[in-house]
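# Coordinate analysis (summary)
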Amino acid sequence: MSADHSNVDSVSPQSVTDRVRSYFDPATVGSLAVRLGELLQNHFEKLSRREGPVLNWNLPESNIAAAVESLKSERGDDVPQRFEQLVQLAFSKGHNLHHPRYVGHQVPASVPAAGLFDAVASVTNQVMAIYEMGPWATAVERALVNMWATQIGLKPGTFAGFVTNGGSLANLTALLTARNVVLGDVWESGFGAGRPQPVLVVQSDAHYCVARSAGILGIGTENIRRVPLDERRRMDVGALREILEELKQSQTPVVAVVAAACATPIGAFDPLDEIADVCEEFGVWMHVDAAHGGATAFSDQHRHLISGLERADSFICDAHKTLFVPALCAFVFYRNREHRFETFRQEASYLFDPSAPGMAEYDGGLLTIECTKHAATYGMWGITALYGKELFGDLIDHTFALTRRLYQLLSEADDFVTLHEPQCNIQVFRYQPAAVANWSAEQVGNLNRQIRRTIIESGEFYLVQTTDANGAGALRVCLMNPMTEEGDLRHLLDHIRKVGTSLINNASM
Ligand SMILES: Cc1ncc(COP(=O)(O)O)c(C=O)c1O
């Protein structure tokens, strides 16, 4: 039986109707998807041969001009041909995280199949807010929450968790819950006069999103108490105890103690078990930003780094970091499932159907800042189901071992200094040859910043910069591409030497 579409045509002129149908033409979708597959294969093959730049560096004005130019499509353009041109344009202007010489931010060369599963969610526009909007998205998210939480050591049936758009939003959401639970009625009453000023006690190297949370939550960034760090840049537990003792004496409410597993600058993991002991003793909410390190739960070799995470009242883990899935896919966990509805003590009756009250348990929008939320876990679900969760342990073990190798190479060289021994896949170091022996720490730091800028703009490698505890510049490598090899690391050091020598020579001329 053929469908009769004649009535549809009567609402618009024939030409409009024809065009509208062409945007949704199944045969076109199929042929574009096939072509995309071929283009992706070529792209990944080229990158695996280390061809072309890592970062396609262009000044923003030039890229924006190119983007504006690209918008000038002509009606009647050959769609498959134009599609191919645009995909190639995106490849040629973008950042090649899958290039083995990408050793940059805590954003991975994601497992490509995860992106394809994400494409299934995107092309079919799977979203969620209430269960019936995204039944499979909800089911998949719930299954992954359970898998990761139990991997971390939480007991089935006792915890709650969900996915949100990034680690920053995840920390904010969890700390909002902490604030509401700890301060009682502040959600309803606000911070009226007469209420004692609460504080947030945080690891000194905490990600800047934690300070933002303090601002957003009405705690105030000036009411953050930063816990000093030990010689390995981990939270000093003795200092934490002293701060909590002082706050107890002054009867200052503590919204939470925020620990890091690990902190961004050098990847230092706080001693979570010891922190949990102190938090329990003082009866304060423990939150852990495990955006980067939560994934070690999947590694027999490295899970000890997050021992004690299961004792935190709340914690967050980013799958779009060390589980190697595309951004964004951040998990929030509450140890006590009773806390899951404390974040927003709110009803939205048009969404949450009183005729099916049992469904509220599965309506993700009750737990997240987002109402409509992209089905962000298709990628993680797909690769877990395809390869088994052991893949995550493999990726962690492999990239952590490679980082240790980098550390050895740096330690053996007399023209490099390491700023720490790596606990994970982050290594901070400096190029510091004998020629700069008389330079100040600031000058050496600036030299390293210049080396990095020259290298990333050339496209040869992509690495990032950071500062040491005293503010001097340093190079930071995060091995987030499992295709990076030892040869690439040796080449990186040689390339830094080459660029560094030239900059030093120019400086002394
Ligand atoms: C420790 C830590 N927490 C939070 C974040 C923020 O995560 P997102 O970029 O997903 O918002 C980062 C980002 O690098 C991080 O390193």
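Read on for an overview of the structure.

Each value, and the rule that gives it
- Residues numbered from 1 in each chain as written.
- Predicted model: local features only at pLDDT ≥ 70, side-chain atom pairs only at ≥ 80, totals over all residues.
- Heavy atoms only, no water.
- Helix = DSSP H or I, 4+ residues; strand = E, 2+ residues; numbered from the N terminus.
- Rg over C-alpha atoms; globule rule 2.2 N^0.38 Å.
- Buried < 20%, exposed > 50% of the residue type's maximum accessible area, 1.4 Å probe, protein only.
- Contact = heavy atoms within 4.5 Å.
- Near = heavy atom within 4 Å.
- Polar contact = N/O pair within 3.5 Å; in protein donor to acceptor, adjacent residues only side chain to side chain.
- Areas by Shrake-Rupley, 256 points an atom, 1.4 Å probe, with all protein chains shown as cover.
- Nonpolar A, V, L, I, M, F, W, Y, C, P; charged D, E, K, R; others polar.
- Expected span 1.5 Å × (residues − 1).
- Pairing = 2+ DSSP bridges.
- Axes fitted to C-alpha atoms, helices over the stretch in contact; angles between N-to-C directions.

Of regular secondary structure, the protein possesses 17 helices and 13 strands. Expected size for 509 residues packed as a compact globule is a radius of gyration near 23 Å; at 25 Å, the protein falls within 12% of this value. Classification of the 509 residues of the protein by burial places 49% in the buried group. Expressed as a percentage of contacts within the protein between residues at least 6 apart in sequence, the contacts between residues at least 24 apart total 72%.

A few words on the site of the ligand. Neighbouring residues of the ligand: 14 residues in total, closest Gly167, Ser168, Thr264, Asp289 and His320. A distance of 3.4 Å is found between an oxygen atom of the ligand and a side-chain nitrogen or oxygen belonging to Gln106. Within the contact set of the ligand, an oxygen atom lies 3.1 Å away from a side-chain nitrogen or oxygen of Lys321. Look at the ligand: alone it shows 390 Å² of surface, and the protein chains cover 83% of it. Of all the secondary structure elements, the ones that give two or more residues to the shell around the ligand are α8 (167-183) and α13 (319-322). It is α8 that provides the largest number of residues to the shell around the ligand, a total of three residues. When its residues are assigned to classes, the shell around the ligand shows three nonpolar, eight polar and three charged.

Below, the discussion takes up helix α5 (residues 79-93). Relative to the 21 Å expected for 15 residues at 1.5 Å per residue, α5 spans 21 Å between its end C-alpha atoms, a close match to the ideal helical length. Every buried residue of α5 is accounted for by Arg82, Val87 and Phe91. Along its buried surface, α5 packs onto α3 (26-48) and α4 (60-70). If you check the start of α5, you find a side-chain oxygen 3.1 Å away from the backbone N of Gln81, and it comes from Asp78.

Glancing now at the sheet that holds strand β7 (residues 314-318). Strand order across the open sheet formed by seven strands is β2-β8-β7-β6-β5-β3-β4, with mixed pairing between neighbours. The two strands at the open ends of the sheet, each matched to only one other strand, are β2 (160-164) and β4 (224-227). Each adjacent strand pair in this sheet contributes to an overall mean axis angle of 20°, direction not counted. Here five bridges tie β2 to strand β8 (residues 330-334), and the two strands are oriented antiparallel to one another.

The strand order across the open sheet formed by four strands is β10-β11-β13-β12, and the pairing between neighbours is antiparallel. Of all the strands in the sheet, just β10 (416-418) and β12 (464-467) have a single pairing partner and so form its edges. Pairs of neighbouring strands in the sheet enclose a mean axial angle of 40°, with direction left out of account. Judged from the four bridges that link them, β12 and strand β13 (residues 473-478) form a sheet pairing that is antiparallel. Directly across from Val464, in β13, lies its bridge partner Arg476. Those strands touched by helix α15 (residues 390-412) are β10, β11 (426-431) and β13, and its axis lies near 20° from that of β11. In this fold helix α17 (residues 486-507) packs onto β10, β11 and β13, with an angle of close to 35° to the strand it touches most, β11.

We now examine the environment of Lys373. Mapped onto the elements of the fold, Lys373 is located in strand β9 (residues 373-374). Counting along the chain gives 355 residues from Lys373 to Asp18, while the straight-line C-alpha distance between them is 32 Å. Those residues in contact with Lys373 that lie beyond four places of it in its chain are Gln126, Val127, Met128, Glu141, Val163, Asn165 and Thr368. Of note is the side chain of Lys373, whose polar atom sits 2.8 Å from the side chain of Glu141.

Another aspect to go through is unusual backbone geometry. With an omega of 5°, the peptide bond between Ala261 and Cys262 qualifies as cis. Here Cys262 lies in the loop between β5 (254-260) and α12 (272-282). Leu328 follows Ala327 through a cis peptide bond whose omega is -10°. Among the structural elements, Leu328 can be located in the loop between α13 and β8. Residue Asn125 is not a glycine yet carries a positive backbone phi of 50°. Positive phi, close to 55°, is recorded for Gln251, a residue that is not glycine. Along the polypeptide, Gln251 turns up in the loop between α11 (237-249) and β5. Owing to a relative accessible area of 68%, Gln251 belongs among the exposed residues under this scheme.

Scope: geometric values only; no functional claims are made or implied.
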